[in-house]
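Reading the structure
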Amino acid sequence: MKIAIDAMGGDKGVSMTVKGSVDAVNEFDVKVILVGNSDMIKKELDKYNYDKDKIDIINASEVIENTEKPVKAIRRKKDSSLVKALKLVKEKQADAVVSAGSTGALLAGGLFIVGRIKGIDRPALSPVYPTEKGVSLLIDAGANVDSKPKNLEQFAIMGSIYADKVLSRKNPTVGLVNIGEEQEKGNELTKESYKLLAESNINFYGNIEVRDIPKGYCDVLVCDGFVGNTILKLTEGLASTIFSSLKKEFMKNIKTKLGAFLLKDGLKSLKKQIDYSEYGGALLLGVKGGVIKAHGSSDSKAFKNAIKQAKIFTENNVVEIIENEILKMED
C-alpha cells in the first residue's frame, strides 16, 4: 500500500510531514511517497532511522499557498507538491493522498484530478467529531456550501459506509442536523432531505439538534457544508476558549493550583479526546481514491494518524463499496 504525502503542505512545514511519515512507516505496514522539495525532504529524513525501501521521494518545484485561488492554482501549478501527489492517486501509483495544505485546492484537485465516483454529484468533506461516546462522522464539513436534498442523501450513504467499514460501527445511526427533532422542522432542504433519508436503506435516526451532537446519539451527522463547517469551527473555538479559561482559573492561587494538580490526569484525558491530531484528518468522500485533508497546524503525530487513516480507508475498499451502493440506487 502506498500513501502520497504533500510534504510541503501545512503551517509547520516539511519537518512535520517527514517526521510523521517516518513514524508511520515504522509503526504501520505502509509505504510513503513524499512529494515536494527533494533537498529539504532528504535533509529531514537524514535525522531518522527507518526502512529506506518504505519511503520514496518525488521532487516538486512549486507550492500552492492558502492565499491562492484554488482552481486557478491547481491548473497553473502543475509541478506543485499537491498536484503531483493527487496525480499519483489518479494514475494508481498511490492508494491515497494526505495534505495539510490549502483546503480549497485539495477539494478542487480531488474533484478535477482524482475525479468523482460515478453517480456522486458532489464529494463531501468528512471529519470525525469527538463525542461522549467516542466519535461521530460529520458530513459535509465545508466542501459544499449549497446542497440539494439528493446531495444530503448521498452524504448519508457515504457516511454510513465509512462509519461501518472504518469506524467499525455496525448498522450505524444517521442523524440529520436540524433546528428541532420534529420532522416538519427546518428549511426546505432539511424537510425534503428528511423524506429521502427516511425512505432510504440507511439506519435513519431522524433529526438531531446541534446541542445533542456532543452526546453521541448518532454515528453519522448529515448536513450541508455551510452548517457543518460552522459546527466544526464553533467547536474548535469553544474548546480552545474553555481550556484557556480553565488555565487562568487554575493559576489564580495556591488552592486552585493544587486543584489543577489533582485534576491533571482527567484534564489530559479530556484534552486528548478533543485533540484533532488523534484522528488524523477529514476524508473527501465521493472521489475515486483516498483524499485526506489534515488540519493546517498538524504536527507529526497528526500526520502519522492521517496516514493510518488512509491505510484503513484503503484496506476496507470504501471507494468500491460506495460505487456499488450508488449503482444500486440508480438501478
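Tallied over the full model, the rule gives 15 salt bridges. A salt bridge links E209 to R211; the shortest N-O distance between them is 3.5 Å. Two residues, K215 and D212, come together in a salt bridge whose shortest N-O distance is 3.2 Å. D212 sits in the buried class, given a relative accessible area of 8%.

Another aspect to go through is the packing of aromatic side chains. Inspection of the entire model under this criterion finds two aromatic pairs. Considering the side-chain rings of Y162 and F313, the 6.3 Å spacing of their centres and the 40 degrees angle between planes classify their relative orientation as tilted. Here Y162, found in helix 6 (residues 149–165), pairs with F313, found in helix 11 (residues 300–315); they are 151 residues apart in sequence, far enough to count as distant. F313 carries the same exposure label as Y162, and that label is buried. Seen from their ring centres, Y194 and F204 are 5.1 Å apart, and the 75 degrees between their planes marks the pair as edge-to-face. Of this pair, Y194 sits in helix 7 (residues 188–199) while F204 sits in strand 9 (residues 203–209); the two residues are ten residues apart in sequence, bridging distant segments of the chain. Of the two residues examined, Y194 and F204, each falls in the buried class. Geometry around Y50 places K52 over its ring, the cationic atom sitting 4.4 Å from the centre. Between the NZ or CZ atom of R75 and the centre of the ring of F112, over which it lies, the distance is 5.8 Å.

One finds L34, V98, V222, L285 and I322 to be the most contacted residues of the largest nonpolar core, which totals 59 residues. Top element by residues in this core is helix 6. It accounts for eight residues. For L34, the residues in contact, after removing those within four places along its chain, are I5, A7, T17, V18, S21, I41, L45, I55, D56, I57 and I58. V35, V97, A108 and L125 belong to the second largest nonpolar core, which has 26 residues in total.

We now examine helix 4 (residues 81–90). Among the ten residues of helix 4, seven are classified as buried, and the element is accordingly described as predominantly covered. Two residues or fewer after helix 4 comes K92, characterised by a positive phi angle close to 65 degrees.

Judged by side-chain polarity, V71, L111 and F112 come together as a nonpolar surface patch covering roughly 240 Å² of accessible area. Summarising the element assignment, V71 is placed in helix 3 (residues 70–76). Taking relative accessible area as the criterion, V71 reaches 32% and is therefore assigned partly exposed.

It is worth spelling out the packing of helix 4 against helix 5 (residues 103–114) at this point. Helix 5 packs onto helix 4 with a crossing angle of 35 degrees between their chain directions and a minimal axis gap of 10 Å. Of the two elements, helix 4 crosses helix 5, and the hand of that crossing is right-handed. Between helix 4, through L82, V83, L86, K87, V89 and K90, and helix 5, the contact on the second element is made entirely by A105, L106, G109, G110, I113 and V114. Partitioned by chemical class, the residues of the contact of helix 4 with helix 5 number eight nonpolar, two polar and two charged.

With respect to the secondary-structure elements, S200 resides in the loop between helix 7 and strand 9. Accessibility expressed as a relative area gives 18% for S200, which makes it buried. Of note is the side chain of S200, whose polar atom sits 2.8 Å from the backbone oxygen of L197.

Looking now at the sheet that holds strand 2 (residues 31–36). If you walk across this open sheet you meet the seven strands as 3-2-1-4-12-11-5, and the pairing is mixed. Two strands bound the open sheet, and with one partner strand each, they are strand 3 (55–59) and strand 5 (124–126). For this sheet the average axis-to-axis angle between neighbouring strands, irrespective of direction, equals 25 degrees. On top of the sheet, helix 1 (residues 14–27) reaches strand 1 (2–6), strand 2 and strand 3; it is set at about 170 degrees to strand 2, its chief contact. The strands that helix 11 touches are strand 1, strand 2, strand 4 (96–99), strand 11 (281–285) and strand 12 (290–294); relative to strand 4, the one it contacts most, it runs at about 160 degrees.

As a further point, take helix 2 (residues 38–45). Buried residues of helix 2: S38, I41, E44 and L45, and no others. Down the axis of helix 2, the buried side of the element spans an arc of 130 degrees, and every buried residue falls inside it. Exposed and facing more than 90 degrees away from the buried side of helix 2 are D39 and K43. Contacts from the buried residues of helix 2 go to helix 1, strand 2 and strand 3. Between a side-chain oxygen at the N-terminus of helix 2 and the backbone nitrogen of D39 the separation is 3.1 Å; the capping residue is N37.

Criteria and thresholds
Per chain, the residues get numbers from 1 upward, laid out in the order the sequence is written. Reporting in this predicted model follows two pLDDT cut-offs: at least 70 for local features of residues, and 80 or more for side-chain atom pairs to be given and counted; totals over whole chains, interfaces and linings ignore these cut-offs and use all residues. Neither water nor hydrogens contribute to the side-chain values; these are computed over all heavy atoms in the structure. By definition here, a salt bridge exists when the distance from a side-chain nitrogen of Lys or Arg to a carboxyl oxygen of Asp or Glu is within 4 Å. Whether a residue is buried, partly exposed or exposed follows from its accessible area with a 1.4 Å probe, protein chains only, as a fraction of its type maximum: under 20%, in between, or over 50%, in that order. Only centres within 6.5 Å qualify two rings of Phe, Tyr or Trp (six-membered ring in Trp) as a pair; their planes then separate them into stacked at under 30 degrees, edge-to-face at over 60, and tilted for everything else. Runs of H or I in DSSP of at least four residues are treated as helices and runs of E of at least two as strands, each being numbered from the N terminus. Placement of a charge over a ring requires the Lys NZ or Arg CZ to be within 6 Å of the ring centre, with the centre-to-atom vector within 35 degrees of the ring normal. By nonpolar core is meant a set of buried Ala, Val, Leu, Ile, Met, Phe, Trp, Tyr and Cys residues that side-chain atoms within 4.5 Å join together. The criterion used for residue contact is that any of the two residues' heavy atoms lie within 4.5 Å. For patch building, the residue pool is restricted to those with more than 30% relative accessible area and no salt bridge; the joining distance is 9 Å between like charges and 5 Å between nonpolar side chains (Val, Leu, Ile, Met, Phe, Trp, Tyr). Accessible surface is estimated by sampling points in the Shrake-Rupley manner with a 1.4 Å probe; for residues, cover comes only from the protein chains shown. Lines are fitted to the C-alpha atoms to define the axes, a helix being fitted only along its stretch in contact, and any angle between axes, read from their N-to-C directions, falls within 0 to 180 degrees. Handedness of each helix crossing follows the sense of rotation of the near helix against the far helix: counterclockwise by less than a right angle gives left-handed, clockwise gives right-handed. Here the term charged refers only to Asp, Glu, Lys and Arg, the term nonpolar to Ala, Val, Leu, Ile, Met, Phe, Trp, Tyr, Cys and Pro, and the term polar to all other amino acids, Gly among them. Here a polar contact means two N or O atoms within 3.5 Å. Within protein one must be a hydrogen donor candidate and the other an acceptor candidate, and residues neighboring in sequence count only if both atoms are side-chain atoms. Strands are labelled as partners when DSSP assigns at least two bridges between them. Arc, as used here, means the arc of the directions from the helix axis to the C-beta atoms.

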